[in-house]
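Structural characterization, general
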Amino acid sequence: KQEVTQIPAALSVPEGENLVLNCSFTDSAIYNLQWFRQDPGKGLTSLLLIQSSQREQTSGRLNASLDKSSGRSTLYIAASQPGDSATYLCAVRPGADSNYQLIWGAGTKLIIKP
Amino acid sequence: SAVISQKPSRDICQRGTSLTIQCQVDSQVTMMFWYRQQPGQSLTLIATANQGSEATYESGFVIDKFPISRPNLTFSTLTVSNMSPEDSSIYLCSVESVSKAQYFGPGTRLTVL
């Protein structure tokens, strides 16, 4: 059974630092992995999608990597800003068939201190 | 990516009443989903909204409590029936793209007194 874990559960860093959020999964047979951010009481914003054949994706200051063999993905945030404060969630899709549903991590709550 | 809107954005309801949440997408999509996020928890899938047929519910969720309509490929509603305080959550609709990415609406924050 696929399980997704995000460590740490919470992280507080000063503004301007580069940081890495971690997502691990127990079964390497995945179709894709997606990173989201969620602001308090709000919906989810899709940040990056990595297909199983890809090693990384980049969008602005964000870079997500995928290592299926080790069951890990990382989200790298460069030059962090207070506006990056949010909960970051990763989700794994086990297969392409419509019967497969996303398996969610519990999230990392990130606070960027001005 | 699709642009998704939800109405209402939040509501405060009395126990025993029902609330219908609307989800509108700016393009036709095949797969549309409804999720619940209880306070401090991760997302739980309620059901897949199927166009032209009954929704497919996940374990622990039933049609009598969460009836869903999907009259076309851009619109769906979720009703939370006979509400109790335990139904206080954020309710989210999402859609799936051709590349199997999911995109979410802004959510409906429900408080049941």
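Quick summary incoming for the structure in this document.

Here is what the cut-offs are and how they apply
- Residues numbered from 1 in each chain as written.
- Chains lettered and ligands numbered in written order.
- Predicted model: local features only at pLDDT ≥ 70, side-chain atom pairs only at ≥ 80, totals over all residues.
- Heavy atoms only, no water.
- Helix = DSSP H or I, 4+ residues; strand = E, 2+ residues; numbered from the N terminus.
- Contact = heavy atoms within 4.5 Å.
- Buried area = accessible area lost by both parts, 1.4 Å probe.
- Salt bridge = Lys/Arg side-chain N within 4 Å of Asp/Glu carboxyl O.
- Polar contact = N/O pair within 3.5 Å; in protein donor to acceptor, adjacent residues only side chain to side chain.
- Nonpolar A, V, L, I, M, F, W, Y, C, P; charged D, E, K, R; others polar.

**A word on the environment of Ile4(B)**
Residues and elements named next belong to chain B. As for its placement among the helices and strands, isoleucine 4 is situated in strand β1 (residues 4-7). Put simply, isoleucine 4 and aspartate 26 are 22 residues apart on the chain and 6.6 Å apart in space, counted from C-alpha to C-alpha. Ignoring sequence-local partners within four residues, the contact set of isoleucine 4 consists of Cys23, Gln24, Val25, Cys93, Val95, Tyr103, Phe104, Gly105 and Pro106.

**Section: the interface of chain B and chain A**
Across the contact, 21 residues belong to chain B and 21 residues belong to chain A. Across the chain B/chain A interface, buried area totals approximately 1500 Å², and carbon plus sulfur atoms make up 53% of it. In terms of surface lost to chain A, no three residues of chain B exceed Lys100(B), Gln102(B) and Phe104(B), which account for 31% of the buried area on that side. Connecting chain B to chain A are one salt bridge. The salt bridge partner of Glu96(B) is Arg93(A), with a shortest N-O separation of 2.4 Å. For the pair chain B and chain A, the number of links is eight residue pairs in polar contact (both at pLDDT 80 or more). If you list the elements that add at least two residues to the side of chain B that touches chain A, you get β4 (32-37), β5 (44-49), β9 (89-96) and β10 (102-104) of chain B. Class assignment for the residues of the side of chain B that touches chain A results in eleven nonpolar, seven polar and three charged.

That is the geometry; function is a separate question.
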